[in-house]
Amino acid sequence: MEEERVCEVAATTTSGTVASHISSITHLKTGRRAKLTLKHFHTWTEKCRVRKVQQKYEELAQDAEAQGRTVEQELEAQGIGFAEFNESCPQFDLWCPLEDLAELGSGFV
């Protein structure tokens, strides 16, 4: 019960876009609203973190080129989608050198 209350508070204090998205989540099979728990918020925060993809993407591109495929075809051949590929990349460390953030490009907020 406490977990549900915390999620309700978190949903009302997040930005309007996120809050409206979260409140509109429905269960795909039943069409009813999904029951959100604190675990959902922990998972969401984990997946939204910025990740270091440049090195792994370059390796993927080299593999694709060696096989004569596009990057998308290589991902498909490996049996993963871009979301899974992205999640497999390490996250930026809070104390990483600023030079590491260069891969994000200018204008990243």
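Quantities reported herein were computed from a predicted structural model and do not represent experimental measurements.

Enquirer: Looking at this structure, how should I read the overall build of the protein chain?
Expert: The helix and strand inventory of the protein chain stands at six helices and zero strands. The order of helices and strands in the protein chain, counted from the N terminus, is α-α-α-α-α-α. Residues classed as buried in the protein chain amount to 16% of the 109 residues present. Split by element, the accessible area of the protein chain, about 8600 Å² in all, is 55% carbon and sulfur.

Enquirer: When you look at the nonpolar core in this model, what are you seeing that I'm missing?
Expert: Nonpolar side chains in soluble globular proteins tend to end up buried together. By size, the foremost hydrophobic cluster in this structure holds five residues: L60, V71, L75, F85 and C89. In this view, C89 contacts R51, K52, V53 and K56; residues no more than four positions away in its chain are not counted.

Enquirer: What is the right way to read the side chain of E74 from this model?
Expert: Assignment of secondary structure puts E74 in helix α5 (residues 71-77). Separated by 2.9 Å, the side chains of E74 and R69 make a polar contact. With sequence-adjacent residues up to four places away left out, E74 is seen in contact with L60, D63, A64, Q67 and R69.

Enquirer: Honestly, the packing of aromatic side chains in this entry has me stumped. Any pointers?
Expert: Geometry of an aromatic ring pair is reported as the spacing of the ring centres plus the angle between the planes. Scanning the model with the defined rule gives two aromatic pairs in all. Ring geometry for Y57 against F85: centres 6.5 Å apart, planes inclined by 65°, an arrangement best described as edge-to-face. Pair noted here: Y57 is in helix α4 (residues 54-67) and F85 is in helix α6 (residues 82-88), with a separation of 28 residues, a long-range link. Aromatic pair F82 and F85: ring centres 5.8 Å apart, planes at 45°, arrangement tilted. Linking F82 with F85, this pair stays in helix α6, spanning three residues, or about one helical turn. Taking the relative accessible area as the measure of exposure, F82 reaches 49% and is therefore partly exposed. For F85, a relative accessible area of 5% puts it in the buried group.

Enquirer: Would you take a moment to explain the environment of E74 for this structure?
Expert: Note on E74: relative accessible area 6%, which makes it buried. Between the C-alpha atoms of E74 and Q62, which are 12 residues apart in sequence, the distance is 10.0 Å.

Here is what the cut-offs are and how they apply
- Residues numbered from 1 in each chain as written.
- Predicted model: local features only at pLDDT ≥ 70, side-chain atom pairs only at ≥ 80, totals over all residues.
- Heavy atoms only, no water.
- Helix = DSSP H or I, 4+ residues; strand = E, 2+ residues; numbered from the N terminus.
- Buried < 20%, exposed > 50% of the residue type's maximum accessible area, 1.4 Å probe, protein only.
- Areas by Shrake-Rupley, 256 points an atom, 1.4 Å probe, with all protein chains shown as cover.
- Core = buried A, V, L, I, M, F, W, Y, C linked by side-chain atoms within 4.5 Å.
- Contact = heavy atoms within 4.5 Å.
- Polar contact = N/O pair within 3.5 Å; in protein donor to acceptor, adjacent residues only side chain to side chain.
- Phe/Tyr/Trp six-rings, centres within 6.5 Å; stacked < 30°, edge-to-face > 60°.

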